[in-house]
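Structural characterization, general
So the chains spell out like this:
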Amino acid sequence: MRRITLTRFLIEEQRHKGVIQSDLRLLIEVVARACKAIAIAIGKGNLADVLGSNATENVQGEVQKKLDVISNEILLEANEWGGHLAAMASEEMDHPYVIPHRYPKGEYLLLFDPLDGSSNIDVNVSVGTIFSVLQCPENIDHVEEHHFLQAGAKQVCAGYAVYGPTTLLVLTLGNGVHCFTLDRELGSFVLTESNLRIPEETKEFSINMSNMRHWEPPVRRYIDELLAGRTGPRGKDFNMRWVASMVADVHRILTRGGIFMYPRDAREPGKPGKLRLMYEANPMSFIVEQAGGASTDGTQRILDIQPTELHQRVAVFLGSKNEVEHVTAYHR
Ligand code: P6P
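Residues numbered from 1 in each chain as written. Predicted model: local features only at pLDDT ≥ 70, side-chain atom pairs only at ≥ 80, totals over all residues. Heavy atoms only, no water.

1. Comments concerning the pairing of strand β9 (residues 177–183)
Within a regular strand, the side chains alternate between the two sheet faces. Worth spelling out the cut-off: Burial status follows relative accessibility: with a 1.4 Å probe on protein chains alone, a residue under 20% of its type maximum counts as buried, one over 50% as exposed, and anything between as partly exposed. Secondary structure follows DSSP: runs of H or I at least 4 residues long count as helices, runs of E at least 2 residues long count as strands, and numbering of each begins at the N terminus. By the convention used here, strands pair only if DSSP detects at least 2 bridges between them.
Most of β9 sits inside the fold, with six of its seven residues counted as buried. As paired strands, strand β8 (residues 167–172) and β9 are joined by five bridges and run antiparallel to one another. Looking at β9, one finds that V170 is bridged to C179. The hairpin turn running from β8 into β9, its antiparallel successor, is four residues long, and G174 in that turn takes a positive phi close to 90°. Sheet topology note: the β9/strand β10 (residues 188–193) ladder contains five bridges and is antiparallel. When the sheet's bridge partners are listed, L182 is paired in β10 with F189. Between β9 and the antiparallel strand that follows it, β10, lie four residues; G187 among them carries a positive phi value of about 80°.

Rendered as structure tokens:
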């Protein structure tokens with residue numbers, strides 16, 4: 001594998017496939033740089049008094065970790081001046097952040113979960129940043145929330161950074177999924193894997209088993225069959241992993257297959273699930289499908305869902321195609 005930097009990869013993609021407008025290339029470079037800054041901030045941990053929680057809550061009603069807020073600010077400050085964006089939306093902000101008048105506006109909308117899995121921050125487990133890019137509708141003077149409400153199939157780009165033993169950036173522009181590893185000496189993301197493919201079969205599932213009594217019947221049936229193992233209807237034993245950082249669980253699935261599930265449960269019947277559609281499920285679903293996997297909410301393709309609210313939640317079943325189709329079939 002030739003070791004090329006993210007910058008060269010983007011320029012060559014633009015030259016050979018014309019998939020990237022220069023503003024989109026700038027956007028990706030700026031987001032990648034922000035992820036490097038986030039990696040540095042979280043890498044300090046207790047040395048810089050950035051662990052623990054703020055006395056604030058986000059729109060989800062979740063107590064914000066100091067690093068949630070720091071990561072959000074890093075992404076806002078990195079992206080507001082470049083002229084490539086019309087507005088940004090984040091898990092950590094009630095409403096979209098419209099680019100200030102003092103800066104030029106661009107044609108893209110950026111959505112992100114600045115620090116996903118932050119409940120793991122204080123115990124030093126891998127966390128990540130998830131981002132999604134949409135086209136801003138043309139000829140509008142002032143961006144409003146409803147301009148963000150586009151189906152996941154409309155994404156022009158999606159990616160995540162994993163802050164783990166290595167810092168990785170995984171990216172799709174609709175032409176396959178590519179993985180870049182941060183070379184800390186160079187200070188650059190370097191292409192380390194191209195065209196990742198998720199095996200269609202797997203023996204590994206990912207779900208928070210403590211919620212079992214709250215699941216709907218199709219999910220209980222599916223999981224019971226996995227647990228029955230070799231002597232059960234599936235005829236093979238399965239392994240289980242649950243990091244409780246979606247980015248870490250999804251990256252493992254991209255690397256060696258698996259199925260990730262966060263079903264709706266009876267605890268909060270009004271909520272269709274825990275994970276957010278616009279900046280968690282949609283970008284991860286775009287990436288997973290581009291890698292040959294599948295992603296549904298139990299009944300329909302997640303990328304087909306027409307959003308009604310910026311922070312709406314959704315049930316998620318994603319990963320190895322055959323397993324996703326298996327559990328989705330039980331819902332029908
Ligand atoms: P639970 C992290 O808070 C997150 O949003 C995802 O990254 C992760 O998959 C899930 O929630 C973990 O949820 O209920 O197991 O803590």
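That was the structure; now back to the text.
2. Section: the site of the ligand
This is how it is decided: A molecule or strand has a residue near it when one of that residue's heavy atoms lies within 4 Å. Two N or O atoms count as a polar contact when they lie within 3.5 Å, although within protein this holds only if one can serve as hydrogen donor and the other as acceptor, and sequence-adjacent residues are included solely when both atoms are side-chain atoms. Here a cavity denotes grid points, spaced 1 Å and computed from the protein atoms alone, that fit a 1.4 Å probe unable to get out, and a pocket denotes an open set having protein on both sides within 12 Å along at least 5 of 7 lines; residues with an atom within 4 Å of a point are the lining. A molecule is counted as occupying a cavity or pocket when more than half of its atoms fall within 2 Å of that pocket's grid points. Note that Gly is not counted as nonpolar here; it falls among the polar residues with everything else outside the nonpolar set of Ala, Val, Leu, Ile, Met, Phe, Trp, Tyr, Cys and Pro and the charged set of Asp, Glu, Lys and Arg.
Residues in close proximity to the ligand total 13 residues, the closest being D116, N208, W242, M246 and Y262. With respect to the ligand, the side chain of D116 contributes an N or O atom lying 2.7 Å from an oxygen atom. With respect to the detected pockets, the ligand is housed in the largest pocket. Among the secondary structure elements, those contributing two or more residues to the shell around the ligand are β13 (259–262) and β14 (275–276). Here the residues of the shell around the ligand sort into six nonpolar, three polar and four charged.

3. Some details on the domain arrangement of the protein chain
Cut-off, in case you're wondering: The domain limits used here are those given by an automatic or database domain assignment. Contacts: residue pairs with any heavy atoms within 4.5 Å of one another. Reported buried area values correspond to the accessible surface (1.4 Å probe) lost by two parts on association, with both partners' losses combined. Any carboxyl oxygen of Asp or Glu that lies within 4 Å of a side-chain nitrogen of Lys or Arg is treated as forming a salt bridge with it.
By the assigned domains, the protein chain splits into domain 1 (6–193) and domain 2 (204–331). Averaged C-alpha coordinates put domain 1 and domain 2 at centres separated by 24 Å. Listed per partner, the contact involves 48 residues of domain 1 and 31 residues of domain 2. Summing the contributions of domain 1 and of domain 2, the shared interface buries around 2800 Å²; its carbon and sulfur component is 63%. It is I130, L149 and Y160 that lose the most area in domain 1 upon contact with domain 2, and together they represent 21% of the buried surface on that side. Inspection of the region where domain 1 meets domain 2 yields one salt bridge. Of the charged contacts, one joins R276 and E91 as a salt bridge, the two residues approaching to 3.6 Å between their closest N and O atoms. On inspection of domain 1 and its partner domain 2, the count reaches 14 residue pairs in polar contact (both at pLDDT 80 or more). Looking at the side of domain 1 that touches domain 2, the elements with two or more residues in it are β3 (85–90), β5 (108–116), β6 (127–135), α4 (145–148), β7 (157–163), β8 and β9. Considering every element that reaches the side of domain 1 that touches domain 2, the biggest residue donor is β6, with seven residues. Within the side of domain 1 that touches domain 2, the residues separate by chemical class into 26 nonpolar, 16 polar and six charged.

4. Things to note about the packing of helix α1 (residues 6–17) against helix α2 (residues 22–44)
Quick note on the threshold: The axes used here are C-alpha line fits, helices contributing only the stretch in contact, and every angle between their N-to-C directions lies in the interval 0 to 180 degrees. Put simply, angles under 35 degrees are roughly parallel, angles over 145 are roughly antiparallel, angles from 65 to 115 are roughly perpendicular, and the rest are oblique. Here is the rule for handedness: rotate from the far helix to the near one, and if that takes an anticlockwise turn smaller than a right angle the crossing is left-handed, while a clockwise turn gives right-handed.
Contact pair α1 / α2: the axes reach a minimum separation of 11 Å and the direction vectors enclose 165°. Between α1 and α2, the interaxial angle falls into the category roughly antiparallel. Our pair here, α1 against α2, has a crossing hand that is right-handed. Contact residues: α1 offers L6, T7, L10, I11 and Q14, while α2 offers S22, R25, I28, E29 and A32. Across the contact of α1 with α2, the residue classes tally to five nonpolar, three polar and two charged.

5. A look at the layout of surface pockets
As a reminder of what qualifies: Grid points are joined across faces, edges and corners, and a volume is the space filled by probe spheres set on the points.
Taken as a whole, the largest pocket holds about 450 Å³ of empty space. Lining the largest pocket are 26 residues; nearest its centre among them are E62, G117, S118, S119 and K274. Every element with two or more residues in the lining of the largest pocket is listed here: β2 (63–65), β5, β13 and β14. Of the residues that constitute the lining of the largest pocket, the class distribution is eight nonpolar, eight polar and 10 charged. Counting the residues that make up the lining of the largest pocket, at least three belong to each of domain 1 (6–193) and domain 2 (204–331). Its volume calculated, the second largest pocket comes out at about 280 Å³. Looking at the lining of the second largest pocket, the element that brings in the most residues is α2, giving three residues. Tallied by class, residues from the lining of the second largest pocket come to seven nonpolar, eight polar and one charged.

6. Some words on the state of the cysteines
So the rule is basically this: What counts as a disulfide here is a pair of cysteine sulfur atoms lying within 2.5 Å.
For the structure shown, the criterion picks out zero disulfides. Free of any disulfide, C179 has its nearest neighbouring cysteine sulfur in C35, separated by 13 Å. On the basis of relative accessible area, C179 is assigned to the buried category, the value being 2%.

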